[in-house]
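The residues making up each chain are set out below.
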Amino acid sequence: MDPTRRKSFHTFLEENKVPPYNFPSSLAGAAMPQPARMSLSGLSLANSVPSTPGCTSPWILSPLHPAATEKLSFNDGKHSPPRLSNPSIYFHCLATLHRLDGNVHSISISNGLVFTASDSGRVRAWSLRDCLDRGYIHIGRSKDKVTAVLGYGGTVVTAHIDRRVRIWSVTTDPDLEPDPDLARVRSRKIATLPPKSHVASFLPAFFGKSNKKSQHHKDLILCMAFYNAEGLLYTGSRDSTVKAWKISEQRSTDSFVAHEGQINAMLVNQDDGCLFTASSDGCVKIWRRVYGDGLHTLIMSLRFQPSPVNCLALCRSSNSCFLYSGSSDGYVNIWEKEAVSGRFNHAGFLQGHRFAVLCLAAAVDRVVLSGSEDTTIRVWKREIGSAFHTCLAVMEGHRGPVRCMAASVEVEVEGIGLLVYSASLDRMVKVWRVKVSDKEEEEENKDEEDGDGEKEAEFEMNPVLSPSWVRRQKSRGI
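To keep things clear, this report deals only with the structure shown in the data block. Model, not experiment: these values are computed from the prediction. (Residues numbered from 1 in each chain as written. Predicted model: local features only at pLDDT ≥ 70, side-chain atom pairs only at ≥ 80, totals over all residues. Heavy atoms only, no water.)

1. Quick word on the sheet that holds strand S21 (residues 321-327)
So, step 1. Pairing in this open sheet of four strands is antiparallel, and the strands run S20-S21-S22-S23 from one edge to the other. Every interior strand has two partners, whereas the edge strands, strand S20 (309-316) and strand S23 (344-350), have only one. Here the average twist between neighbouring strands, direction ignored, is 25°.
So, step 2. Bridge count between strand S22 (residues 332-337) and S23: six bridges; the pairing is antiparallel. (Pairing = 2+ DSSP bridges. Helix = DSSP H or I, 4+ residues; strand = E, 2+ residues; numbered from the N terminus. Axes fitted to C-alpha atoms, helices over the stretch in contact; angles between N-to-C directions.)

2. Considerations on empty space enclosed by the protein
So, step 1. Enumeration over the complete set of coordinates arrives at three cavities of 30 Å³ or more.
So, step 2. There is about 50 Å³ of room inside the largest cavity.
So, step 3. Around the largest cavity, the lining residues are Gly282, Val284, Leu302, Arg303, Phe304, Gln305, Val309, Ser325, Ser327, Asn333 and Trp335. (1 Å grid on protein atoms, 1.4 Å probe; cavity = no way out; pocket = protein on both sides within 12 Å on 5 of 7 lines; lining within 4 Å. Points joined across faces, edges and corners; volume = space filled by probe spheres on them.)

3. Here's the deal with the nonpolar core
So, step 1. Leu369, Met395, Leu418, Trp432 and Val434 are the most contacted members of the largest nonpolar core, which totals 21 residues.
So, step 2. Mapped by element, the contributors of at least two residues to this core are strand S3 (89-99), strand S24 (357-364), strand S25 (367-372), strand S26 (377-382), strand S27 (389-395), strand S28 (402-410), strand S29 (416-424) and strand S30 (428-436).
So, step 3. Beyond its immediate stretch of four places on either side in the chain, methionine 395 contacts Phe91, Leu369, Thr375, Thr376, Ile377, Val379, Trp432 and Val434.
So, step 4. Leu61, Ala95, Ile107 and Leu419 belong to the second-largest nonpolar core, a separate cluster that totals 18 residues. (Core = buried A, V, L, I, M, F, W, Y, C linked by side-chain atoms within 4.5 Å. Buried < 20%, exposed > 50% of the residue type's maximum accessible area, 1.4 Å probe, protein only. Contact = heavy atoms within 4.5 Å.)

4. Details of the packing of aromatic side chains
So, step 1. Evaluation of the coordinates by the stated rule reveals four aromatic pairs.
So, step 2. A ring pair is formed by tyrosine 152 and phenylalanine 226, whose centres lie 3.7 Å apart and whose planes are at 15°; its orientation type is stacked. Here tyrosine 152, found in strand S8 (residues 146-152), pairs with phenylalanine 226, found in strand S12 (residues 221-227); they are 74 residues apart in sequence, far enough to count as distant.
So, step 3. Its relative accessible area of 11% is what places phenylalanine 226 among the buried residues.
So, step 4. Look at phenylalanine 256 and tryptophan 287: their rings are 4.6 Å apart centre to centre, the planes differ by 45°, and that puts the pair in the tilted class. Of the two residues, phenylalanine 256 is situated in strand S15 (residues 251-257) and tryptophan 287 in strand S18 (residues 284-289); the sequence distance between them amounts to 31 residues. (Phe/Tyr/Trp six-rings, centres within 6.5 Å; stacked < 30°, edge-to-face > 60°.)

5. Notes on unusual backbone geometry
Outside of glycine, negative phi angles account for most residues, and trans bonds account for most peptide bonds.
So, step 1. Cis geometry marks the peptide bond from leucine 193 to proline 194; its omega dihedral reads -10°.
So, step 2. Structurally, proline 194 is set in the loop between strand S11 (184-193) and helix H2 (211-214).
So, step 3. Phi is positive for serine 240, close to 75°, though the residue is something other than glycine.
So, step 4. In this structure, serine 240 sits in the loop between strand S13 (232-237) and strand S14 (241-246).
So, step 5. The phi dihedral of glutamine 250 falls on the positive side, at around 55°, and the residue is not glycine.

6. Topic: the pairing of S21
So, step 1. Across the seven residues of S21, seven count as buried, placing the element largely inside the fold.
So, step 2. Across the two faces of S21 the burial is the same, with Cys321, Leu323, Ser325 and Ser327 and Phe322, Tyr324 and Gly326 all buried.
So, step 3. Sheet topology places S20 next to S21; seven bridges connect them, and they run antiparallel. Across the sheet, residue arginine 316 finds its bridge partner in S21, namely cysteine 321.
So, step 4. The antiparallel hairpin formed by S20 and S21 contains four residues in its connecting segment.
So, step 5. Taken together, the five bridges between S21 and S22 define a ladder with antiparallel strand orientation. Within S22, the residue paired with tyrosine 324 across the bridge is isoleucine 334.

Listed below in structure tokens is the structure:
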């Protein structure tokens, strides 16, 4: 392995004389300096304006790119977005939201709104396409600071430092604004898990503890996932445990020790209900719910490298399913699901980041984004019928590690349109518009129909494909 991967990010900053991403307090309220390697167009941080006049919000919204206020067509003859060396992708930064104090720890997209959880005791809502401030969910007390946020439908779930989760019903109120697009969000807390007023019955004396204590995590909740079909909420904690909550009954249905280290990420395959968990112990595990008693059983452990796993993403379609896991060694491992057995086999890895991969986002099949401690975001596209990926672009602009990310699909006549929100430890949230062209679709289909010999030669020359995956493909005659 490249020895440069063992260097810490701070060592890299010192050696390359890059300004640190932790701004001193003396810069609070001042305009942020321009990033050292800004390759994007239409963004000037020096002319920042408040997002809402008269608002005491710690957020500042930089001027929007013209494309942020209208539906952008890259072929309308009016706009000229930056053209990369790879003609199959276009991207630019629409706007930058930056806080004068504190960092954003979690981002979630739901119902046309973007929710950001930061060091404050609030979860702020933004309109998805024009980045307008739509208000916030006021938690109420500083000790209830938010560690993670998850949105689904009209519901938002927040995890707090008191080791509880709170469930909110979030709606917009157009009566408060003449323009419906400026309607502020209204929130109402509908549940706290575990309930604070819960009166627990005691287990038999030889257990020595009550149900109330067993429902609490022993440490901070770091991640959450939701299974829509069953109404199950999963929480993963620093104490290495996973808890399953039945939302309709407001109770915990299962609790189990999932890993040897803290649980950094989790997600649910909405097709079959399988739960994926990733941990600092370097392992990804797959769990299935046992119907009838609500308990979960381990069905598979995925481990390819010993490095801590920080994030997960799942790309699925009618005929394929790929799992991605980002690690602290800078690699993104790829796992392909077999159609017959349902097993996930290692299919290779994506390399390009210099430091730890901290977040992944996958809004559509065959396109995945990775954010890293090296301050960049990479856009990857998988070829049809294989596990080979191409890095289409490297998006630069953040000045600190990219901590979290979320993506949403835009309707495009040709190609795939994405809106991407990324948060970094430079206290900034950036909004990107990404368009991936499908001009090469026919060529890829043609290549897929070529002879077996050409396919085998391609596999042998590709350095990032897993040898075991290549052997399986050859044994199938592919």
